[in-house]
Amino acid sequence: MSTDISCRNVTVAYDRHPAVHHLSGCFSAGSLTAVVGPNGAGKSTLLKAMAGMLPLAGGSIERGVLKQRDIAYLPQQASLDRAFPISVLELVLLGQWQHVGPFGGIGRRGIAAAREALGAVGLEDFEQRPLATLSGGQLQRALFARVLVQDARLILLDEPFNALDARTVSDLVALLHRWHGEARTVVAVLHDFDLVQNRFPEALYLARAPIAWGRTADVLTPQNQLRARQMAESWSDQAAICATDTAA
Ligand code: ADP
Ligand code: MG
């Protein structure tokens, strides 16, 4: 059974303005891929479309045998409401929602799995802590524990290491490699090129249109970086013209 994720000429648009276009290629089953590219390149948009949260304006994303419950998606940190009044354990238990459904109980096994996941991310003593009391790094560890209990075949992470201390990044990268070793398909949006070069076998360089996709060493070349920068400049042309008009 293939769990390759195949993109065929994918376009995703907001109000008919494409944020991702002409993307074709494959996240092969069990691959570990970094998605890189300038701000506004469509990286978050692509992940949301892969998670089934945004409709496509064109093309297709084939998910093979994967169902919605086989997909774990961790959005960019800013989109989480830290004030939500639940404990760390409850946050992790939410990861099992897709398996038990609204009328199923979590049960002792579910709680044991959540505790084990908290141990795996180094938060064994944090079960009862309200989310609002966690540091950024601790919160991200808890969110990774939630992904762990989801037991997903496809794991989508949007800038999972932003603004984290080096120790947390290193622990969480190790977890990501554990998932890779378990033949799960992992796709992560990242900005740290050194990290991508050292720890991610494959990369997709996106600047709304794809610049390159394949082995990381072939993707993160100076030529591709230059092309990405040129493409990003063309997005802001409109803004520059308007600013000049206003000044005149
Ligand atoms: P990245 O994650 O690479 O920084 P995004 O996918 O967030 O890029 O955004 C790509 C483009 O789509 C940007 O120009 C952004 O302003 C636009 N965009 C993102 N989300 C929305 C939205 N909900 N409505 C309208 N435009 C959006
Ligand atoms: Mg983004």
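These lines cover the structure that appears in this document, whether it is placed above or below.

Thresholds applied
- Residue numbers restart at each chain and count upward from 1, following the sequence in its written direction.
- Working convention: letters from A go to chains and numbers from 1 go to ligands, in the order in which they are written.
- Thresholds applied to this predicted model are a pLDDT of at least 70 for local features of residues and 80 or more for the giving and counting of side-chain atom pairs; totals over whole chains, interfaces and linings are not thresholded and use all residues.
- Hydrogens and water are ignored here; the side-chain numbers use all heavy atoms of the structure.
- Here a donor is any nitrogen, oxygen or sulfur atom (N, O, S) within 2.8 Å of the metal, with 3.2 Å used for Na, K and Ca; water is not among the atoms considered, so some sites may look incomplete.
- What counts as a helix is a DSSP run of H or I of at least four residues, what counts as a strand is a run of E of at least two, and both are numbered from the N terminus.
- Partly exposed residues are those whose accessible area sits between 20% and 50% of the maximum for their type, while under 20% is buried and over 50% is exposed, using a 1.4 Å probe and protein chains only.
- Note on contacts: a residue pair is in contact if any heavy atoms of the two residues lie within 4.5 Å.
- Any two strands between which DSSP finds at least two bridges are classified as paired.
- Whenever a helix is involved, its axis is fitted only over the stretch in contact; in every case the axis is a line through C-alpha atoms, and angles between N-to-C directions fall within 0 to 180 degrees.
- Side-chain rings of Phe, Tyr and Trp, where Trp is taken by its six-membered ring, are said to pair if the distance between their centres is within 6.5 Å; with planes under 30 degrees apart they count as stacked, over 60 as edge-to-face, and otherwise as tilted.
- Here, the term nonpolar core denotes a set of buried Ala, Val, Leu, Ile, Met, Phe, Trp, Tyr and Cys residues that are joined through side-chain atoms within 4.5 Å.
- By definition here, a helix of n residues has an expected span of 1.5 Å times n minus one.
- Here the term cavity refers to a set of points on a 1 Å grid, laid over the protein atoms alone, in which a 1.4 Å probe fits but cannot get out; the term pocket refers to an open set having protein on both sides within 12 Å along at least five of seven lines, with lining residues being those that place an atom within 4 Å of a point.
- Grid points are joined across faces, edges and corners, and a volume is the space filled by probe spheres set on the points.

The next subject is the coordination of the magnesium ion (ligand 2). Every protein donor of the magnesium ion (ligand 2) is listed here as Ser-44 (OG) and Gln-76 (OE1), and their distances to the metal cover 2.1 to 2.2 Å. In this pair, Ser-44 sits in helix α1 (residues 43-50) while Gln-76 sits in the loop between β5 (71-74) and α2 (88-93), placing the two residues 32 residues apart along the sequence.

Right, let's get into the side chain of Ser-44. Given a relative accessible area of 18%, Ser-44 falls into the buried group. Beyond its immediate stretch of four places on either side in the chain, Ser-44 contacts Gln-76 and Asp-158.

Turning our attention to the sheet that holds strand β3 (residues 32-36). One open sheet accounts for six strands, arranged β5-β6-β7-β3-β8-β9; its pairing is mixed. The open sheet is flanked by β5 and β9 (209-215), the only strands paired with a single partner. Direction aside, the axes of adjacent strands within the sheet are offset by 15 degrees on average. Set on the sheet, helix α5 (residues 136-150) makes contact with β5 and β6 (154-158); between it and β5 the angle comes to about 170 degrees.

All right, on to the packing of aromatic side chains then. Across all of its chains, the model carries four aromatic pairs by this definition. With a centroid separation of 5.6 Å and an interplanar angle of 15 degrees, the aromatic rings of Phe-144 and Trp-179 are classed as stacked. Placement of the pair is Phe-144 in helix α5 and Trp-179 in helix α6 (residues 166-181), with a sequence separation of 35 residues. Considering the side-chain rings of Phe-193 and Tyr-205, the 6.0 Å spacing of their centres and the 85 degrees angle between planes classify their relative orientation as edge-to-face. Residue Phe-193 is located in helix α7 (residues 193-199), and its partner Tyr-205 is located in strand β8 (residues 202-207); the two are separated by 12 residues in the primary sequence. A residue is classified by how much of its surface remains accessible, and Tyr-205, at 4% relative accessible area, is buried. Ring pairs connect the aromatic residues Phe-144, Phe-161 and Trp-179, which therefore count as one cluster.

Take α1 next. The element α1 is largely enclosed, with a buried count of seven among its eight residues. Burial in α1 covers these residues: Lys-43, Ser-44, Thr-45, Leu-46, Leu-47, Ala-49 and Met-50.

Moving on: the nonpolar core. Judged by nonpolar contacts, the single largest core of 52 residues is most densely connected at Phe-144, Leu-157, Phe-161, Leu-176, Trp-179 and Phe-200. When residues in this core are grouped by element, the largest group, eight residues, is from α5. Discounting residues that sit within four places of it in the chain, Phe-200 has contacts with Leu-32, Thr-33, Ala-34, Leu-176, Ala-188, Leu-190, Leu-195 and Thr-216. One finds Cys-7, Phe-27, Val-187 and Leu-204 within the second-largest nonpolar core, a separate group that totals 23 residues.

Now for α5. Compared with the 21 Å implied by 1.5 Å per residue over 15 residues, the 21 Å span of α5 between its first and last C-alpha is a close match. Among the 15 residues that make up α5, 13 are buried, leaving the element largely enclosed by the rest of the structure. Asp-151 sits one or two residues past α5 and shows a positive phi near 55 degrees.

Turning to the layout of surface pockets, a few remarks are in order. Quantified by volume, the second largest pocket comes out at close to 180 Å³. Lining the second largest pocket are Ala-113, Glu-116, Ala-117, Ala-120, Leu-148, Val-149, Asp-151, Arg-178, Glu-182 and Arg-184. If you list the elements that add at least two residues to the lining of the second largest pocket, you get α4 (107-120) and α5. Looking at the lining of the second largest pocket, the element that brings in the most residues is α4, giving four residues.

All right, on to the environment of Ala-183 then. With respect to the helices and strands, Ala-183 occurs in the loop between α6 and β7 (185-189). Sequence separation between Ala-183 and Ala-29 is 154 residues; the distance between their C-alpha atoms is 7.2 Å. For Ala-183, the residues in contact, after removing those within four places along its chain, are Gly-30 and Arg-153.

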